[in-house]
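# Overview (structure and organization)
One letter stands for each residue in the lines below.
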Amino acid sequence: MKNTLLALALSLFLAARLPAAEKLNVVFILADDLGWADLGCYGSKYHRTPNLDRFAASGMRFTNGYAACPVCSPTRASIMTGKYPARLNLTDWLPGRADRPDQKLLRPVIAQQLPASEVTLPQALKAAGYVTGHIGKWHLGGKGSLPEERGFDSNVGGEKALEPVPAREDLTDRLTTEAEKFIEANRDKPFFLYLAHHAPHIPLKARPELVAKYQKGKPGEQGNPIYAAVLESLDEGVGRMLKKLDDLKLAERTLVIFTSDNGGLCVIEGPDTPATINSPLREGKGYLYEGGIRVPLIVRWAGVTKAGSISTEPVCSIDFMPTILEACGVKSEAEFDGVSIVPALKGESLPLPRNALFWHYPHYSNQGGKPGSAVRHGNYKLIEFLENGRREMFDLREDPGETNNLIESNEVTAWYLANVLHGWRKEIGAKMMEPNPKFVPNPQATDGSILLHSRTAEVHGVMLRFEPLPHKNTLGYWVRADDWASWEFTVTKPGKFEVEILQGCGQGQGGSEVEVAVGEQKLKFAVEDTGHFQNFKARTIGTVTLEKPGRYTLTVKPLKKAAAAVMDLRSITFKPTTK
């Protein structure tokens, strides 16, 4: 043991005294809101990313790379520290979305900057003789927590305004230019460059000549010309970075990492959105489903990564700091939740005890995602939603799109994963949510009507789910008669109401019998074939009387399923009536 410790100390000493020309440089390129399926090398047939595709062909592409959170700041914190966002108490984008009356739960108070007590990746590298540079988006706090206050020797962007961008040069081009300058200036020193692009985050803006190259795609597929142009500009920037390393003969001793801070934006959130479609993965940014947390990850390390290799190892942004430090031969006293993935880069399996990855997002996302926690263990992933404790479990190897909920058919595994998740939350001190005393579910409008939209429904059972905009915006996957939905709503002006449903059903799928109930008042109807599940038809199914103000619950339960699916249900509306 003594000899081993002496050998380790000697190796670290020698590594620290290596000539600059022999030390490993690191270039870390982070995209913002880039989806897992957005690059050609990840299967996109619409976006043009030749430089990133060539980069993947020269290094290792990970198919199970994850961000530590479905939104930006927490993932960035995990990159800087090697720790889970929940341990840092930084679990939402900064400053985060304020609580609202339509939320059942209140968010916990979170840190508004990267905790000062944490040792950061640039600090550890700087202490080992590296020149450290930050270029681009920081989003980890302002004064007191700026990049230059957290270990970076230089900072371009990072909560500071850039000089005006020259005509015909977009922000991505400008940041790339600054990155080239940094490499040029430090070519004879060991350096760590953290290039955090704003692209392809909204608002989407691209050079007109690039936008003109793309035709708008079909609904449900990637096909946003502006987003495609933004990605092409990002791809050009990566190509310039790689060329700069080649021109300066630095490529052979530079570790290059490219990834994203969360999944792609696949819902409507402002002009020119949705930005992308993450299919075959489910949902996107703001959701704990795979589309929100699985991201592209490409690594090139000459002499270590095999050209054109693919790794299926589940890895996460918490792993970058321990990986980079090991690759650079740098010792740190910091403790990590992540593990070094150097073995994976060599084509080997990751060592134990890495047996699970975790997420904790106690927030309502701007994109419609509900608060929850998740764990991936092997091929299985369990999500637990915090509003009601509902759980969903999927086999990601067989079902990467998370369409088949195994929560009832594999109860033993689900029980085990839930216990692992609860133990992890307790161990790291994950902050939980509290009931919202100002919660007002589905309030009555000034005209007396009450709209119960499918996005506010609580689903019960296994397969039924809300499918968000832009293409669905409905309760769907109603393939089991045992699945049902409920809504809470608030009455301020009692009276008699007509009940109108907005229902769709595919050709030949009609005939299911459904019951709508408010307390003891029950209305029954037969589902009508509308020719397509997304062809919605408004139907009045009867009346109910709500005699006094207060909070009510409505349920929708199938009594008989006539075909493959019951229906799609977009909304239920109570309309005041004197009839």
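Residues numbered from 1 in each chain as written. Predicted model: local features only at pLDDT ≥ 70, side-chain atom pairs only at ≥ 80, totals over all residues. Heavy atoms only, no water.

## Let's talk about the layout of surface pockets
Counted only if it meets this: Whether a set of points on the 1 Å grid over the protein atoms alone is a cavity depends on a 1.4 Å probe fitting there but being unable to get out, while an open set qualifies as a pocket with protein on both sides within 12 Å along at least five of seven lines; lining residues are those with an atom within 4 Å of a point. Grid points are joined across faces, edges and corners, and a volume is the space filled by probe spheres set on the points. Comment: elements are numbered from the N terminus, with helices defined as DSSP H or I runs of at least four residues and strands as E runs of at least two. Ten residues, namely Ala, Val, Leu, Ile, Met, Phe, Trp, Tyr, Cys and Pro, are considered nonpolar, four, namely Asp, Glu, Lys and Arg, are considered charged, and the remaining ones, Gly among them, are considered polar.
Its volume calculated, the largest pocket comes out at about 1,300 Å³. In this structure, the largest pocket is lined by 49 residues; those nearest its centre are Gly368, Lys370, Arg455, Thr456 and Ala457. Of all the secondary-structure elements, those providing two or more residues to the lining of the largest pocket are β14 (380–385), β17 (450–453), β18 (458–460), β19 (465–467) and β21 (484–491). Of the residues forming the lining of the largest pocket, the biggest block, 3 residues, is contributed by β21. Residue composition of the lining of the largest pocket, by class: 21 nonpolar, 14 polar and 14 charged.

## Concerning empty space enclosed by the protein
Overall, the coordinates contain 3 cavities of 30 Å³ or more when judged by the stated rule. When its volume is computed, the largest cavity comes out at roughly 70 Å³. As for the largest cavity, its lining consists of 13 residues, of which Arg282, Thr403, Asn405, Val462 and Met463 are closest to the centre. For the lining of the largest cavity, the class distribution of residues is 5 nonpolar, 3 polar and 5 charged.

## Some details on the packing of helix α6 (residues 171–185) against helix α8 (residues 225–247)
Inclusion rule: Interaxial angle, 0 to 180 degrees, is taken between N-to-C directions of lines fitted to C-alpha atoms, where a helix line uses only the stretch in contact. When describing relative orientation, an angle under 35 degrees is termed roughly parallel and one over 145 degrees roughly antiparallel, while 65 to 115 degrees is termed roughly perpendicular and anything else oblique. When checking whether two residues touch, look at their non-hydrogen atoms; a contact exists if any pair is within 4.5 Å.
One can describe the packing of α6 onto α8 by two numbers: an axis separation of 9 Å at closest approach and a directional angle of 10°. As summarised for this structure, α6 and α8 are arranged roughly parallel, according to the angle between their axes. Counted together, Thr172, Asp173, Thr176, Thr177, Ala179, Glu180, Ile183 and Glu184 of α6 and Ser233, Leu234, Gly237, Arg240, Met241, Lys244 and Leu245 of α8 form the full contact between these two elements. Of the residues contributing to the contact of α6 with α8, the split by class is 5 nonpolar, 5 polar and 5 charged.

## Examining the packing of helix α2 (residues 50–58) against α8
The N-to-C vectors of α2 and α8 enclose an angle of 50°; their axes lie 7 Å apart at closest approach. In terms of their interaxial angle, α2 and α8 are classed as oblique. In this structure, α2 contributes Pro50, Asn51, Leu52 and Phe55 to the contact, and α8 contributes Asp235, Glu236, Val238, Gly239 and Leu242. Looking at side-chain class alone, the contact of α2 with α8 contains 5 nonpolar, 2 polar and 2 charged residues.

## Details of helix α12 (residues 411–428)
To keep it simple, the criterion reads: Expected span of a helix: the number of residues minus one, times 1.5 Å. For each residue, the accessible area found with a 1.4 Å probe, counting protein chains only, is set against the maximum for its type, and the residue is called buried under 20%, exposed over 50%, and partly exposed in between. Working definition: the arc comes from the directions between the helix axis and the C-beta atoms, pointing outward to the latter.
With 18 residues, α12 extends 26 Å from end C-alpha to end C-alpha; this agrees with the ideal 26 Å at 1.5 Å per step. Listing the buried residues of α12 in full gives Ala414, Leu417, Ala418, Leu421, Trp424, Arg425 and Ile428. Along the long axis of α12, the arc covered by the buried residues comes to 125°, so they all point the same way. Facing away from the buried side of α12, by more than 90 degrees, are the exposed residues Glu411, Val412, Trp415, Lys426 and Glu427. Turning to α12, the residues buried within the fold contact α4 (85–88), β12 (357–361), β13 (372–377), β14 and β15 (391–395). Just beyond α12, the residue with positive phi is Gly429, at close to 70°.

## Considering the packing of aromatic side chains
Here is the rule we go by: The criterion for an aromatic pair is that two Phe, Tyr or Trp rings (for Trp, the six-membered ring) have centres within 6.5 Å, with stacked assigned to planes under 30 degrees apart, edge-to-face to planes over 60 apart and tilted to the rest. Distance and angle both matter: a charge sits over a ring if NZ of Lys or CZ of Arg is within 6 Å of the ring centre and within 35 degrees of the ring normal.
Enumeration over the complete set of coordinates arrives at 17 aromatic pairs. With a centroid separation of 5.0 Å and an interplanar angle of 85°, the aromatic rings of Phe28 and Phe320 are classed as edge-to-face. Separated by 292 residues along the polypeptide, Phe28 in strand β1 (residues 25–31) and Phe320 in helix α10 (residues 320–328) bring together distant segments of the chain. Phe320 carries the same exposure label as Phe28, and that label is buried. Taking 6.1 Å as the distance between ring centres and 25° as the angle between the ring planes, the aromatic pair formed by Phe152 and Tyr194 counts as stacked. Highlighted residues: Phe152 in the loop between β5 (131–136) and β6 (154–157) and Tyr194 in strand β7 (residues 191–196), separated in sequence by 42 residues. Owing to a relative accessible area of 1%, Tyr194 belongs among the buried residues under this scheme. Three or more aromatic residues link up through ring pairs in this structure, and these residues are Phe28, Trp138, Phe152, Phe192, Tyr194 and Phe320. Here the basic side chain of Arg282 rests over the ring of Tyr289, its NZ or CZ set 3.8 Å away from the ring centre. The cationic tip of Lys557 hangs over the ring face of Trp484; the distance from NZ or CZ to the ring centre is 4.4 Å.

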